[in-house]
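Residues per chain are reported as follows:
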Amino acid sequence: MKLIGIDIGGTKIKVCLGDEAGQILASERIATQPLGGSEKGLPAMAQEIDSLLKKKNLTMAEVDAIGISSPGPINSKKGMMLTPPNLKGWEH
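Sequence positions are assigned chain by chain, starting from 1 and proceeding in written order. Per-residue local features are limited, in this predicted model, to residues with pLDDT of at least 70; the limit for side-chain atom pairs, both in listing and counting, is 80 or more; totals at the level of whole chains, interfaces and linings are taken over all residues. Only hydrogens and water are set aside; all other atoms, that is, all heavy atoms of the structure, feed into the side-chain values.

## A look at the pairing of strand β1 (residues 2-8)
The pairing of β1 with strand β2 (residues 12-19) spans seven bridges and is classified as antiparallel. If you follow I4 over to β2, its bridge partner there is L17. By this definition, two strands are paired if DSSP reports at least two bridges between them. Helix and strand definitions here come from DSSP, where helices need a minimum of 4 consecutive H or I residues and strands a minimum of 2 consecutive E residues; each element is numbered from the N-terminal end. Relative to strand β4 (residues 63-69), β1 runs parallel, the two sharing six bridges. Bridge pairing in β4 links D7 to S69.

Written out as structure tokens, the structure reads:
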């Protein structure tokens, strides 16, 4: 089982590829502030995921799940951050 984890924070975004035993197979870190908001941040995360998968000769089809941690408040029904105070430009 292959898993992707994404931790969105005020200073960094950490993207990792792991397995069911909790072992981190590969990871990357992106500085959050230079991205300026979600319009550049979301594509940057997708690019890092692609990079991690390529490093391990995997495809997205081989990933079983993705987990995301983000600051609140969030709307879990809509799957979005609302107005995180430490992430300007990441509203909705």
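## Details of the nonpolar core
Residues belong to one nonpolar core when they are buried, are Ala, Val, Leu, Ile, Met, Phe, Trp, Tyr or Cys, and are joined through side-chain atoms within 4.5 Å. Accessible area is worked out with a 1.4 Å probe on protein chains only. A residue is then buried under 20% of its type maximum, exposed over 50%, and partly exposed in between. Formed by 19 residues in total, the largest nonpolar core has its most connected members in I4, I6, I8, I13, V15 and W90. Within the residue set of this core, elements represented by two or more residues are β1, β2, β3 (24-31) and α1 (38-55). It is α1 that contributes the most residues to this core, five residues altogether. Setting aside chain neighbours within four positions, we find V15 in contact with I4, G5, I6, A26, S27, E28, E48, I49 and L52. In what follows, residue pairs with any heavy atoms lying within 4.5 Å of each other are defined as contacts.

## Observations regarding the sheet that holds β2
Across the sheet, which stays open at both edges, the four strands sit in the order β3-β2-β1-β4 with mixed pairing between neighbours. The open sheet terminates on both sides in strands that have one partner only, identified here as β3 and β4. Taken over all neighbouring pairs, the strand axes of this sheet differ in orientation by 15° on average, direction set aside. Every axis corresponds to a line fitted to the C-alpha atoms, with the helix fit spanning only the stretch in contact, and the corresponding angles, defined between N-to-C directions, vary from 0 to 180 degrees. Those strands touched by α1 are β1, β2, β3 and β4, and its axis lies near 150° from that of β3.

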